[in-house]
Amino acid sequence: MRAPAPAWAADLNGETIETVRATLGAALLDAVEQVGEIALYVERTAIVDALTKLRDTPGLEYQQLMEIAGVDYPDRPERFEVVYCLLSLTRNHRLHVHVSTDDVKPVPSVTGIWPVAGWLEREVYDMYGVLFTGNADLRRILTDYGFRGHPQRKDFPLSGFVEMRYSEEAKRVIYEPVKLAQDFRNFDFQSPWEGAAYVLPGDEKGMLPEAKGAPTPLKADDIAKADAARTPTQAPRAGSEPYAKNDTSGTANTGAGERDPGNAREDKPKDSDVVPTKGGGQNQ
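Since we're looking at a predicted model, the values are computed, not measured.

Enquirer: Quick question: what am I supposed to make of the side chain of Glu-121 here?
Expert: Within the element layout of this structure, Glu-121 appears in helix α3 (residues 117-128). No salt bridge is formed by the buried Glu-121, whose closest oppositely charged neighbour, Arg-122, lies at an N-O distance of 9.2 Å. At 2.9 Å, the side chain of Glu-121 and the side chain of Asn-135 are in polar contact. The residues contacting Glu-121, other than those within four sequence positions of it, are Ile-68, Pro-108, Ser-109, Val-110, Thr-111, Phe-132, Asn-135 and Leu-138.

Enquirer: What exactly am I supposed to notice about the side chain of Arg-122 here?
Expert: With respect to the helices and strands, Arg-122 occurs in helix α3. Not counting the four nearest positions on each side in its chain, Arg-122 is found in contact with Asp-137, Leu-138, Arg-139, Arg-140 and Ile-141.

Enquirer: Explanation requested: the environment of Met-164 in the structure shown.
Expert: On the secondary structure map, Met-164 appears in strand β8 (residues 162-167). Note: C-alpha distance between Met-164 and Asp-144 (20 residues apart in sequence) is 9.6 Å.

Enquirer: It is not clear to me how the pattern of salt bridges should be interpreted in this structure. Could you clarify?
Expert: Once their charged atoms are close, side chains differing in charge can pair, the charge on each being opposite to the other. Counted according to the given criterion, the structure contains 12 salt bridges. With a closest N to O distance of 2.9 Å, Glu-81 and Arg-76 form a salt bridge. By relative accessible area, which is 37% here, Arg-76 ends up partly exposed. With a closest N to O distance of 3.1 Å, Glu-78 and Lys-105 form a salt bridge. Here Lys-105 lies in the loop between β5 (93-101) and β6 (107-108) and Glu-78 lies in the loop between β3 (64-72) and β4 (80-88), a separation of 27 residues in the sequence.

Enquirer: Help me out: how do you make sense of the environment of Thr-23 in this one?
Expert: Its location among the elements puts Thr-23 in helix α1 (residues 13-24). Judged by relative accessible area, which is 19%, Thr-23 ranks as buried. Separated by 37 residues in sequence, Thr-23 and Leu-60 place their C-alpha atoms 9.6 Å apart. With sequence-adjacent residues up to four places away left out, Thr-23 is seen in contact with Lys-53, Thr-57 and Leu-60.

Analysis parameters
Residues numbered from 1 in each chain as written. Predicted model: local features only at pLDDT ≥ 70, side-chain atom pairs only at ≥ 80, totals over all residues. Heavy atoms only, no water. Helix = DSSP H or I, 4+ residues; strand = E, 2+ residues; numbered from the N terminus. Buried < 20%, exposed > 50% of the residue type's maximum accessible area, 1.4 Å probe, protein only. Lys, Arg positive; Asp, Glu negative; His and termini not counted. Salt bridge = Lys/Arg side-chain N within 4 Å of Asp/Glu carboxyl O. Polar contact = N/O pair within 3.5 Å; in protein donor to acceptor, adjacent residues only side chain to side chain. Contact = heavy atoms within 4.5 Å.

What follows is the structure in structure tokens.
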């Protein structure tokens, strides 16, 4: 019985690359280690033989095809990459196999190795337009019937070319060119948690805090500048002028009272009218 797979197999990258180079030979264009994982670049026409060897060779044994992904590089002569994500259950290790192509040169299908590749290749064909020779059912899988174009190409517009809706006049679903009632989107590329700097009418009223130390989205420098720019304000005049007071510099006739009305030591009488008892009392 074989020993259990290691919990973390990143240290197998070096010996895996050496085994892959010896196994694939000229079919392997390059092998690099990126962010702790192995990326293999394989000749397009040799992809079926390469994946078969990666699955069946002792010391590799990548039994499962986890995903087939597409990538678009418009500036390259062969703008598309098809990426096969493989997993070895016995070695607890993953790697990626990259194949380059364009929208004319087909990639050999790997449905003979992993039947699940049929659905995954259909997805790459639908989103990028990559052709797979040998796939018996290469149809669109995510877009609608009659869809034109491939949505995940970099040159495909975000709004698309046509839109679908139900027509009350025709009593059926119809397709028509996209009609946007307003600008499609205005992106400011700012994190929603930071808050966008949208200035609306009336926002200037809330730019200053209610009092010193009150919560505010402004920085300390902004508050200092705003305080310096403020003009002196006059206290509101009472409606009963000229009899009402104009300021509160004193406490007379304001109802505020004094701090120690008659309770200060100097305000108390020197000769108390309370005669203490023989043994002293509470006032002695």
